[in-house]
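Structural features, examined
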Amino acid sequence: MKILALDGIANDGIAHLQEQGFNVDIKPSQSEEELSQILPSYSALLVRSGTRVTAGALAKAEELQVIGRAGVGVDNIDVVEAARRGIQVVNSPGGNTVAAAEHTMGLLLALARNIPRADNQLRHGRWERKALGGVELAGKILGILGLGKVGTAVAHRARAFEMKVIGHDPYLCADRVRRLGVELMGLKDVLRQADFITLHLPLTQETRYLIGPELLTLVKPSAMLINVARGGIICEDALCEALLGKRLAGAALDVFEEEPAVENPLCHLDNVIVTPHLGASTGEAQARVALEVARDVAGILNGQLPVNPVNRPVNRICDLKSAVL
């Protein structure tokens, strides 16, 4: 059986598959048309976020048994179409937790202390200490939207900075979150109270444009917003208007609705820090997610049950409405 690995899957995952006796072809990111042409000869596909696995790309993939996403987000994969075709989709949800949490804290600190602006001004010969005064994290309220693996890891780190942590997650019970040292409350209450707001949600139909014009009116003018989750959770036009209108003090964005975001107007605002989707971009994280998903893909091709299933292929169930977990 042949496996196609795209988007720069780390060598740890490739090596594991080769050790298991699989023939692995390594290619760069592919367009829908390119993928539809080469995919029919493969039993498994491994991707990161660079390739979109659409219904069109899967149209002729008769031999494909499993799609492995090296990472947590699967919004670049048509999960329902894969299920309809009997294709298992799996991901690696735990491997990039530390990297994403640390990147969040890095952006949080950079926002609070104006670090990128200070660096840029000094490199251009400007010594402007008075204009770059920041705020301390200690004693401030951090609002976390989404208390899964990454959100929980951010909460632990924020408490070490003596922040008060509040959060919103409709899928968790208050007692469990309270043991983490987080006060669970409604979405609007988090937005009203938080000095810093960080997003750790998947991109779904429910979360797309969750942070839009209406909810942005609830935040403090002094509040700052961080997104290391997924582009599309924030309505970027509304965010831009709030920042320009001084209804939000600042934002730090690692993800965008359209990537690469080289022409995004948010990238040109002085009160915005931007990074090019680096949340999981550490050597350690990429090795972990590649190995985790490679083990799952190898197991499925050898007839084992998936460890991290994202969908239920219809050849195993009767109801397509239950195809997405």
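Notes on the structure follow. Residue numbers restart at each chain and count upward from 1, following the sequence in its written direction. Totals for whole chains, interfaces and linings use all residues, but because this is a predicted model, local features are given only for residues with pLDDT of at least 70 and pairs of side-chain atoms are given and counted only at 80 or more. Side-chain measures were taken over the full set of non-hydrogen atoms in the model, leaving aside hydrogen atoms and water.

**A closer look at unusual backbone geometry**
Excluding glycine, most residues fall at negative phi; most peptide bonds, likewise, are trans. Cis geometry marks the peptide bond from E259 to P260; its omega dihedral reads 0°. In this model, Y209 sits at a positive phi of 55°, which is unusual for a non-glycine residue. Helix numbers and strand numbers start at the N terminus; a helix is a DSSP run of H or I with at least 4 residues, a strand a run of E with at least 2. Examined against the element boundaries, Y209 turns out to sit in the loop between β9 (196-199) and α10 (213-216). Positioned with a positive phi, K246 is a non-glycine residue whose angle comes to about 60°. Within the secondary structure, K246 sits in the loop between α11 (236-244) and β11 (250-253).

**As for the sheet that holds strand β2 (residues 23-26)**
At least two bridges found by DSSP between two strands is the condition for calling them paired. Pairing is parallel across the open sheet formed by five strands, whose spatial order is β2-β1-β3-β4-β5. Pairing within the sheet leaves two strands with one partner each, and these edge strands are β2 and β5 (88-91). Within the sheet, the average angular offset between the axes of one strand and its neighbour, ignoring direction, is 20°. One ladder, built from four bridges, connects strand β4 (residues 66-69) with β5; its direction is parallel. Residue pairing in the sheet places G68 in a bridge with V90 of β5. Relative to β2, helix α1 (residues 11-19) is tilted by about 150°, and along the sheet it contacts β1 (2-5), β2 and β3 (44-47). Angles run from 0 to 180 degrees between N-to-C directions of axes, and those axes are lines fitted to C-alpha atoms, restricted for helices to the stretch in contact. Every residue pair with non-hydrogen atoms within 4.5 Å of one another is taken to be in contact.

**Quick word on the nonpolar core**
Note on terminology: a nonpolar core comprises buried Ala, Val, Leu, Ile, Met, Phe, Trp, Tyr and Cys residues joined through side-chain atoms within 4.5 Å. Burial classes: relative accessible area under 20% of the type maximum marks a residue as buried, over 50% as exposed, and values in between as partly exposed (1.4 Å probe, protein chains only). Among the nonpolar cores identified, the biggest contains 35 residues, and L145, I197, L199, L225, L239, L243 and L248 are the most heavily contacted of them. For this core, the elements supplying multiple residues, two or more each, are β6 (141-145), α9 (187-193), β9, α10, α11 and β11. The residues contacting L248, other than those within four sequence positions of it, are V219, K220, P221, A223, M224, L225, L239, A242, L243 and N271. Counting 29 residues, the second-largest nonpolar core is a separate cluster that includes M105, L111, L137 and V228.

**Notes on the packing of α1 against helix α12 (residues 283-301)**
The relative placement of two packed helices comes down to the angle between their axes together with the axis-to-axis distance. Two elements in contact, α1 and α12, have axes whose closest approach is 7 Å; the angle formed by their N-to-C orientations is 25°. Put simply, α1 runs roughly parallel to α12. You can see that α1 and α12 cross each other, and the crossing is right-handed. Of the residues in α12, those in contact with D12, G13, H16 and L17 of α1 are A287, A290, L291, A294, R295 and A298. All residues other than Ala, Val, Leu, Ile, Met, Phe, Trp, Tyr, Cys, Pro, Asp, Glu, Lys and Arg, Gly among them, are scored as polar; the first ten of these are nonpolar and the last four charged. Each residue belonging to the contact of α1 with α12 can be placed in one class, and the counts come to six nonpolar, two polar and two charged. Roughly parallel means an angle under 35 degrees; roughly antiparallel, over 145; roughly perpendicular, 65 to 115; everything else is oblique. Less than a right angle of anticlockwise turn of the near helix away from the far helix marks a crossing as left-handed, whereas a clockwise turn marks it as right-handed.

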